[in-house]
Amino acid sequence: WPAWNSFRNKFVSEEGRVVDRSLPQHVTTSEGQSYGLMFALIANDRTSFDLILRWTEDNLAGGDLTSQLPAWNWGKRADGSWGVIDSNAASDADLWIAYALSEAGRLWKYPRYSALAELLAARILREETAEIPGLGFALLPGPKGFHPDDVTWRFNPSYLPMQIMRRFAVIYPGSGWKKIADTSL
């Protein structure tokens, strides 16, 4: 897939970091990592998939995607050091990562990916959702900063990939994903 080869050569480091070189901090976002995972999966490039996943887990999730959601922003900090710039998670990226893992597990017949996807999907439900009065069970853009007071919630429609929520409702029945999909519509 020439487009994947071009993207990988231009934006993916040898370590598996998807780098935004347009900013002086050369940031990496969880969204970028999630798209890298999806593109590698679509290209059937398991080597790149594993590199991107390992970098994501090691640098955005403190070494363990089963114990914490990935930070959304990593790069060169104000003091010149490299690391997490903003530790808040981004639910759109988290969904795409979980989806890429679930599909990789299914297509490449690798149970570890499937198990990691299920754990991540469950963590998203626990940490990035809220029961909204008059609306129902809803996905927030991240775990922090989107419920500033008792009567205010902030949403971002671009963080609601319906196809992923519908797929999770099928593969994780009874988990809450059908409610999230229904509320999101």
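Shown above is the structure to which this text applies.
Residues numbered from 1 in each chain as written. Predicted model: local features only at pLDDT ≥ 70, side-chain atom pairs only at ≥ 80, totals over all residues. Heavy atoms only, no water.

1. Re helix α6 (residues 162–171)
Of the residues making up α6, those classed as buried are Met162, Ile164, Met165 and Phe168. Down the axis of α6, the smallest arc covering the buried residues is 165°, so these residues share one side. Each element contacted by the buried residues of α6 is listed here: α4 (91–107), α5 (111–127) and α7 (177–184). (Buried < 20%, exposed > 50% of the residue type's maximum accessible area, 1.4 Å probe, protein only. Helix = DSSP H or I, 4+ residues; strand = E, 2+ residues; numbered from the N terminus. Arc of directions from axis to C-beta. Contact = heavy atoms within 4.5 Å.)

2. Quick word on helix α2 (residues 30–42)
Helix length check: α2 (13 residues) gives 18 Å between terminal C-alpha atoms against 18 Å at 1.5 Å per residue, within 8%. What α2 keeps buried is the set Ser30, Glu31, Gly32, Gln33, Ser34, Gly36, Leu37, Met38, Ala40 and Leu41. The inward-facing, buried residues of α2 contact α1 (2–11), β1 (28–29), α3 (46–60) and α4. Asn44 sits one or two positions beyond α2 and adopts a positive phi of about 60°. (Expected span 1.5 Å × (residues − 1).)

3. Digging into the nonpolar core
As a rule of thumb, nonpolar side chains are buried together in soluble globular proteins. Ranked by internal contacts, the top residues of the largest apolar core, which has 40 residues, are Phe49, Leu53, Leu101, Ile124, Phe168 and Trp177. Of all the secondary-structure elements, those providing two or more residues to this core are α2, α3, α4, α5, β5 (136–139), α6 and α7. In terms of residues, this core owes the most to one element, α4, which gives 8 residues. Residue contacts for Phe49: discarding those within four places in its chain leaves Leu37, Ala40, Leu41, Ala100, Leu101, Ala104, Trp108 and Tyr113. In terms of nonpolar packing, the next biggest core, distinct from the first, is built from 5 residues, Ala130, Ala138, Leu140 and Trp153 among them. (Core = buried A, V, L, I, M, F, W, Y, C linked by side-chain atoms within 4.5 Å.)

4. What about the side chain of Glu128?
Considering the arrangement of structural elements, one finds Glu128 in the loop between α5 and β4 (129–132). For Glu128, which is buried and forms no salt bridge, the nearest opposite charge comes from Arg123, at a distance of 9.0 Å. Filtering out sequence-adjacent residues up to four positions away, Glu128 remains in contact with Leu69, Ala89, Ala90, Ser91, Asp94, Arg123, Ala138, Leu139, Leu140, Pro141, Gly142 and Pro143. (Lys, Arg positive; Asp, Glu negative; His and termini not counted. Salt bridge = Lys/Arg side-chain N within 4 Å of Asp/Glu carboxyl O.)

5. Examining the pairing of β5
Taken together, the 4 bridges between β4 and β5 define a ladder with antiparallel strand orientation. Bridge pairing links Ile132 to Gly136 in β5. From the end of β4 to the start of β5, which pair antiparallel, there are 3 residues, and Gly134 there has a positive phi angle of about 80°. (Pairing = 2+ DSSP bridges.)

6. Looking at the side chain of Ser102
As for its position among the elements, Ser102 is in helix α4. There is a polar contact of 2.9 Å between the side chain of Ser102 and the backbone oxygen of Tyr99. Setting aside anything within four residues of it in sequence, one finds Ser102 in contact with Tyr113, Ser114, Ala117, Phe168, Ile171 and Tyr172. (Polar contact = N/O pair within 3.5 Å; in protein donor to acceptor, adjacent residues only side chain to side chain.)

7. Examining the packing of α3 against α5
Packing of α3 against α5 brings their axes to within 14 Å, and their N-to-C directions diverge by 40°. Taken together, the axes of α3 and α5 are oblique relative to one another. As for how α3 packs across α5, the hand of that crossing is left-handed. Here Arg46, Phe49, Asp50, Leu53 and Glu57 of α3 lie close against α5, whose contacting residues are Arg112, Tyr113 and Leu116. Classifying every residue of the contact of α3 with α5 gives 4 nonpolar, no polar and 4 charged. (Axes fitted to C-alpha atoms, helices over the stretch in contact; angles between N-to-C directions. Parallel < 35°, antiparallel > 145°, perpendicular 65-115°, else oblique. Left-handed = near helix turned anticlockwise from the far one by under 90°. Nonpolar A, V, L, I, M, F, W, Y, C, P; charged D, E, K, R; others polar.)

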